[in-house]
Amino acid sequence: MDAKKPYVIAIIIQLIYTGMFVISKAAFDHGMNTYVFIFYRQAAASLLLLPMALLLERKNARSLSPGLLLKLFFLALIGITFSLNLYNVSLKFTSATVASATTNAMPVVTFCFALLLKMEVLKLRSSSGIAKLAGVSLCLAGVFVIAFYVGPALSPINHHRVFAPSHTSALTSSAPSRMTWIKGTFFMVLANMAWSLWIVLQGKLLKEYPNKMLMTVTQCVFSAVQSFVVAVVAERDFSKWSLRLDISLLAVLYNGFVVTGVTYYLQAWCVEMKGPVFLAVWNPLCFVFTIFCSSFFLGEIVNLSSVVGGILLVGGLYSVLWGKSKEIKNAPCGKVNTMDDADDENCHHKPQEQEQPTSASIVEQV
């Protein structure tokens, strides 16, 4: 039974992210302001994580220097505040299916940033290098298919929406214009690029300050303050900030507590047991779940472009992962580049060395 636990946990994680895509999209369809939503989400996450950090890290915490706090402030600004706000705007413009599909490109985008920062290598004469390049090409093709190709529509499974918005908001949200759809798709890609850059930069900062819990909590608090400023500028009518007992409140609580709290722990446990590549391999399962759930609960009409584009993105993900695994298998012990933390079992790290994220990592949502 213990051997099956990582597989069960990996599936649960994908189900939680499926719920995040579907419930968030439902809240936006009901008129929830995306900027206000991010502030409430980060505030709820801070209220959850801050007491945990004070309880668990009060004896081990080192003092955070002003320079380190400034770095964490800008990390939170890039990878959380900017990324999540742009991501949720794009989710409002497109669909839960597109959001789930483009998430598969994150490990590939992270690999590209790592390559630019010379934390990765690309050997075009090797099969692993060709696989990585093919993965990047497939991801680019998937994004362009989602943005510019429409194709026939697939009828929703359930025509009676479980999360049915009001008549007015349904009219405005059910059929976005073609230009809005294209803009939303590329906003989604840009949000994933910001998130991927955050993954790489955080990996560098972990060498300087290896306490993951305090880094996460500090960035979460910073992002809550930053998101409040953004929300005040974007929505000055404070009557629209009120939370009622509807899908909007459920979305805030779900994202703030379940996604941030539960998934943070489950991902850390799963990566520790099986490695980050194992977790990344399960990511496409979320895409399948989201197609079904968005159709059933939201009544979304899924276009063929989203399915074909999603398949290309998944193919790009697996191609990069295959190239990484082959590179690690063929590399001599200790010669794997700094982005690899899934070294051969015979390669033993020193106790003081910190595990770094890989281009295939699915880093915990903050």
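Here is a short report on the structure shown in this document. Because the structure is predicted, anything quoted here is derived from the model rather than measured. (Residues numbered from 1 in each chain as written. Predicted model: local features only at pLDDT ≥ 70, side-chain atom pairs only at ≥ 80, totals over all residues. Heavy atoms only, no water.)

## A word on the packing of helix H4 (residues 96-103) against helix H8 (residues 178-208)
Put simply, the rule reads: What counts as an axis is a line fitted to C-alpha atoms, over the stretch in contact for a helix, and the angles between N-to-C directions run from 0 to 180 degrees. Counting from the N terminus, the helices are DSSP H or I runs at least four residues long and the strands are E runs at least two residues long. Crossing handedness follows the turn of the near helix against the far one: under a right angle anticlockwise gives a left-handed crossing, and clockwise gives a right-handed one. Residues are treated as being in contact if the distance between any of their heavy atoms lies within 4.5 Å. Just so you know the grouping, Ala, Val, Leu, Ile, Met, Phe, Trp, Tyr, Cys and Pro go in nonpolar, Asp, Glu, Lys and Arg go in charged, and all remaining residues, Gly too, go in polar.
Between H4 and H8, whose axes approach to 10 Å, the crossing angle comes to 35°. When the axes of H4 and H8 are compared, the crossing they make is right-handed. Here H4 contributes Val 98, Ala 99, Thr 102 and Thr 103 to the contact with H8, which in turn contributes Trp 181, Met 188 and Asn 192. Partitioned by chemical class, the residues of the contact of H4 with H8 number four nonpolar, three polar and no charged.

## Brief notes about the environment of Leu 69
Here Leu 69 is to be found in helix H3 (residues 66-93). The residues touching Leu 69, leaving out its near neighbours within four places in the chain, are Leu 64, Thr 218 and Phe 222.

## What to know about the packing of aromatic side chains
As a reminder, the rule being used: Stacked, edge-to-face and tilted are the three classes for Phe, Tyr and Trp ring pairs, Trp counted by its six-membered ring, which pair at centre distances within 6.5 Å; planes under 30 degrees apart are stacked, over 60 edge-to-face, the rest tilted. Each residue's exposure class comes from its accessible area (1.4 Å probe, protein chains only) as a fraction of the maximum for that residue type: buried when under 20%, exposed when over 50%, partly exposed otherwise.
Applying the stated criterion across every chain, the model contains 18 aromatic pairs. Ring geometry for Phe 39 and Trp 241: centres 6.0 Å apart, planes at 55°, overall tilted. Residue Phe 39 is located in helix H2 (residues 34-57), and its partner Trp 241 is located in the loop between helix H9 (212-234) and helix H10 (247-274); the two are separated by 202 residues in the primary sequence. For Phe 39, a relative accessible area of 17% corresponds to the buried category. Classification of Trp 241 as buried rests on a relative accessible area of 7%. Where Phe 73 meets Phe 74, the ring centres are 5.6 Å apart and the plane angle is 90°; that geometry is what we call edge-to-face. Here Phe 74 falls in the partly exposed class, since its relative accessible area comes to 42%. Members of the aromatic cluster, connected to one another through ring pairs, are Phe 39, Tyr 40, Phe 228, Phe 238 and Trp 241.

## Topic: the packing of H4 against helix H12 (residues 283-297)
Relative orientation and spacing of two packed helices are given, respectively, by the angle between their axes and the distance between those axes. The cut-off we apply is this: For classification purposes, angles smaller than 35 degrees are called roughly parallel, those larger than 145 roughly antiparallel, those between 65 and 115 roughly perpendicular, and all remaining angles oblique.
For the pair H4 and H12, the least separation of the axes is 9 Å and the interaxial angle reads 175°. Relative to H12, the element H4 lies roughly antiparallel. Packed against H4, whose contacting residues are Ala 96, Thr 97, Ser 100, Ala 101 and Thr 103, the element H12 presents Asn 283, Cys 286, Phe 287, Thr 290, Ile 291 and Ser 294 at the interface. Considered class by class, the residues forming the contact of H4 with H12 number five nonpolar, six polar and no charged.

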